[in-house]
Amino acid sequence: MGRTKEFDPDAALRSAMELFWRQGYEATSIQDLVDHLGLGRGSIYGAFGGKRELYLMAVDRYAEDTREALLRRLSSPGSALDAVRGLVRDYAGMAREDADRKGCLMTNTAVELPADEGAARRVVSTLETMETALTGALMRARAEGELPAEKNPAALARCLVTLLQGIRVVGKTAVHGRFLDDTVEQALTMLE
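Below, the structure is looked at part by part. The structure displayed is predicted, hence computed values, not measured ones.

Scanning the protein from terminus to terminus reveals 9 helices and 0 strands. Shown N-terminal to C-terminal, the secondary structure of the protein runs as helices and strands in the order α-α-α-α-α-α-α-α-α. By the burial criterion, 42% of the 192 residues in the protein qualify as buried. Within the protein, contacts between residues separated by at least 24 positions form 71% of all contacts whose residues are at least 6 apart in sequence. About 9,900 Å² of surface is accessible on the protein, with carbon and sulfur atoms providing 53% of the total.

With that settled, the discussion passes to the side chain of Lys 51. Mapped onto the elements, Lys 51 comes out in helix H4 (residues 51-74). At 5.0 Å, Glu 26 is the nearest oppositely charged side chain to Lys 51, a buried residue that forms no salt bridge. One polar contact links the side chain of Lys 51 to the main-chain carbonyl oxygen of Tyr 25, over a distance of 2.9 Å. When near neighbours in sequence (up to four residues on either side) are disregarded, Lys 51 contacts Phe 20, Tyr 25, Glu 26, Thr 28, Ile 30 and Leu 33.

Cut-off values and rules
Residues numbered from 1 in each chain as written. Predicted model: local features only at pLDDT ≥ 70, side-chain atom pairs only at ≥ 80, totals over all residues. Heavy atoms only, no water. Helix = DSSP H or I, 4+ residues; strand = E, 2+ residues; numbered from the N terminus. Buried < 20%, exposed > 50% of the residue type's maximum accessible area, 1.4 Å probe, protein only. Contact = heavy atoms within 4.5 Å. Areas by Shrake-Rupley, 256 points an atom, 1.4 Å probe, with all protein chains shown as cover. Lys, Arg positive; Asp, Glu negative; His and termini not counted. Salt bridge = Lys/Arg side-chain N within 4 Å of Asp/Glu carboxyl O. Polar contact = N/O pair within 3.5 Å; in protein donor to acceptor, adjacent residues only side chain to side chain.

Functional significance is not addressed by these values, which are geometric in nature.
The following block contains the structure:
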């Protein structure tokens, strides 16, 4: 009979996600993972594969968590335009409150691992999910008369996806406060 796992793989994955998010892929060694997770190398390799596989699993978990929150937010009852406005404000708020200046794990992955095909595929998928969700909310806002008829929901959605990811990048800097306030206000004028 084989030994049963003595740890919760989901909890370990979430913990690894936090470490990668804070330090980045390249700066995180297998020894860092061993120390942070409190697991032996064999347990890490046995449960997750190598460092790259664990990183991609962590990125998948992050994408799943953020996708669920995004869809819940943008499909909630009430004003679709208010939901989009709230999302923009929330991104700025998350950037302001990010004391560790971690930014967005997906954006960090795009910047740090642009040549990694698996990582790039995950980044593109996440951006497309954001685009689709925002397009749907903006189409609903237009149908309900909240967004002017001449506005293009898909183009606005792509602009907002880019802006939201930029907010998370600027949030990693020392000047984030004044940049974020102005950015949010300008972004919201696009929705009038």
